[in-house]
Amino acid sequence: MEKSSQENLILVNRESDGVAWVTINRPKSLNSLTKSMIVDLARIFKSLDADDSVRVIILTGSGRSFCSGVDLTAAEDVFKGDVKDVETDPVAQMERCRKPIIGAIGGFAVTAGFEISLACDLLVASNDAKFLDTHARFEIFPSWGLSQKLSRVIGPSRAREASLTAMPISAEQAERWGLVNYVVDRSELLKKARQIAEAIIKNNHDLVLKYKAVINDGFKQDLTRALALEKVY
C-alpha cells in the first residue's frame, strides 16, 4: 500500500494486474475533504495517469460514506486562493486521466463527493448509497461541474429537482435514471467494481484508452462533429 502525504487520509494501492485503488480514508468524518486531501487527490490521479503499469483505477471511500463533501470546518481554507488551478483540482485531473475510472459508491456522495462521482467513467453503488447536492442549502456555487454534468446524465428536469430541493437520489433511483451502472449489496460493492476492472483489463489497452477518449470527447459535441472524431483517433 502506497501511503499518501496526508497521514493516510488518501490511500493508494497499485496491484500487479494493473488495477489501482484510491480510497478516501477519513471515515470518522464521513470522508469529508480538507484542502490537503483535495490537493492530494489531484496529485494522485495525475500520477496514476502517468504510470504505465496502471490500466484501471477504482475510487472508493472507507467506512459508511463515499465522500460527504468539503469539511465545512475547513471550508474557508478550501475555497481561498486559486480554486481554478487544474494542478490541485481532483475533478480536472480525473477528467484528464486517460485510464478508465470506476467509482465504487458506498453510502453518501454529497455535493463535492457527488461531483467527484460524476467525474468517474462508470459507477457501482451500494444499495444504501445516496447522491445529494447541497450547494443551494449552504450558499456555495458549484465549481466542479455538477450544474452542467448532472442534467446531461439524468435529464434537466430531474437535475433541477435534485439541485434545487437538495433532496437525495437513492441508489435505486440513480440506477433507474442511468446515473449508476450497477446497484449491489454493500458487501459486494468492491467485488463488483473489481469485476468490471478485470473485464476492462482483458481488452486491448491502447484501444480502451482511445475508446474512452472518443466517447467522452464526442459527448461534448453535436452528432456530426462527434462522428468525425472516429476518423481522428
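Please read all numbers here as calculations on a predicted model, not as lab measurements.

### Section: the domain arrangement of the protein
Next, step 1: Per the domain assignment, the segments of the protein are domain 1 (10-202) and domain 2 (203-232).
Next, step 2: Computed from C-alpha atoms alone, the centre-to-centre distance between domain 1 and domain 2 is 23 Å.
Next, step 3: The partner domain 2 presents eight residues to the 14 residues of domain 1 that form the contact.
Next, step 4: Summed over both partners, the interface of domain 1 with domain 2 buries about 820 Å², with 50% contributed by carbon and sulfur atoms.
Next, step 5: Taking the shortest distance from any N to any O, the salt bridge between K212 and D121 comes out at 2.8 Å.
Next, step 6: On the surface where domain 1 and domain 2 come into contact, there are eight residue pairs in polar contact (both at pLDDT 80 or more).
Next, step 7: A per-element tally of the side of domain 1 that touches domain 2 places helix 9 (residues 189-201) first, with three residues.

### Remarks on the packing of helix 6 (residues 146-154) against helix 7 (residues 156-165)
Next, step 1: With their axes 7 Å apart at the nearest point, helix 6 and helix 7 run at an angle of 135° to one another. Considered as vectors, helix 6 and helix 7 are oriented oblique to each other. For the pair helix 6 and helix 7, the sense of crossing is right-handed. Residues L146, L150, S151 and I154 of helix 6 form the contact with helix 7, whose own contacting residues are P156, R158, A159, A162 and S163.

### Re the state of the cysteines
Next, step 1: One pass over the structure, following the stated rule, counts zero disulfides.
Next, step 2: Here C67 is not disulfide-linked; the sulfur of C120 is the nearest cysteine sulfur, at 11 Å.
Next, step 3: We classify C67 as buried; its relative accessible area is 0%.
Next, step 4: With no disulfide of its own, C120 lies closest to C97 among cysteine sulfurs, the gap being 10 Å.

### Here's the deal with the pairing of strand 4 (residues 56-61)
Next, step 1: Among the six residues in strand 4, six count as buried, and that is most of the element.
Next, step 2: Neither face of strand 4 is left uncovered, since the one carrying V56, I58 and T60 and the one carrying I57, L59 and G61 both have all their residues buried.
Next, step 3: Where strand 3 (residues 19-24) and strand 4 come together, six bridges link them in parallel fashion. Looking across to strand 4, one finds that W21 is bridged to I58.
Next, step 4: Read from strand 3 through helix 1 (residues 35-50) to strand 4, the crossover connection turns out right-handed.
Next, step 5: When strand 4 meets strand 5 (residues 101-105), the two strands line up parallel, connected through four bridges.

### Comments concerning the confidence of the model for the protein
Next, step 1: Mean pLDDT over the protein works out to 93, with 93% of the residues at or above the 70 mark.
Next, step 2: Here residues 1-6 is a poorly scored stretch, pLDDT under 50, and it has 15 contacts once near neighbours within four places are set aside; other chains count.

### A few points about the sheet that holds strand 6 (residues 108-110)
Next, step 1: Strand order in the open sheet formed by three strands is 6-8-9, and the pairing between neighbours is mixed. Lying at the two open borders of the sheet, with one neighbouring strand each, are strand 6 and strand 9 (169-170).
Next, step 2: One ladder, built from three bridges, connects strand 6 with strand 8 (residues 130-132); its direction is parallel. For F108, the partnering residue across the bridge sits in strand 8 and is K130.

### Details of the pattern of salt bridges
Next, step 1: Throughout the structure, instances matching the rule amount to 14 salt bridges.
Next, step 2: R194 is the partner of D17 in a salt bridge, and the nearest nitrogen-oxygen pair spans 2.8 Å. Of this pair, D17 sits in the loop between strand 2 (10-14) and strand 3 while R194 sits in helix 9, and the two are 177 residues apart along the sequence.
Next, step 3: For D17, a relative accessible area of 32% corresponds to the partly exposed category.
Next, step 4: Within this structure, E15, D17, R194 and E198 form a network of salt bridges that share partners.

### Some words on the side chain of S117
Next, step 1: Within the secondary structure layout, S117 lies in helix 4 (residues 112-118).
Next, step 2: Overall, the relative accessible area of 1% leaves S117 in the buried class.
Next, step 3: Among the polar contacts listed, one links the side chain of S117 to the backbone oxygen of F114, at a separation of 2.6 Å.

### Remarks on helix 1
Next, step 1: Between its first and last C-alpha, helix 1 extends 23 Å over 16 residues, near the 22 Å set by a 1.5 Å rise per residue.
Next, step 2: Buried residues of helix 1: M37, I38, D40, L41, A42, I44, F45, L48 and D49, and no others.

Rules used in this analysis
Residues numbered from 1 in each chain as written. Predicted model: local features only at pLDDT ≥ 70, side-chain atom pairs only at ≥ 80, totals over all residues. Heavy atoms only, no water. Domains from an automatic or database assignment. Contact = heavy atoms within 4.5 Å. Buried area = accessible area lost by both parts, 1.4 Å probe. Salt bridge = Lys/Arg side-chain N within 4 Å of Asp/Glu carboxyl O. Polar contact = N/O pair within 3.5 Å; in protein donor to acceptor, adjacent residues only side chain to side chain. Helix = DSSP H or I, 4+ residues; strand = E, 2+ residues; numbered from the N terminus. Axes fitted to C-alpha atoms, helices over the stretch in contact; angles between N-to-C directions. Parallel < 35°, antiparallel > 145°, perpendicular 65-115°, else oblique. Left-handed = near helix turned anticlockwise from the far one by under 90°. Disulfide = S-S within 2.5 Å. Buried < 20%, exposed > 50% of the residue type's maximum accessible area, 1.4 Å probe, protein only. Pairing = 2+ DSSP bridges. Right-handed = clockwise from strand over helix to strand, strands pointing away. pLDDT = per-residue confidence, 0-100. Expected span 1.5 Å × (residues − 1).

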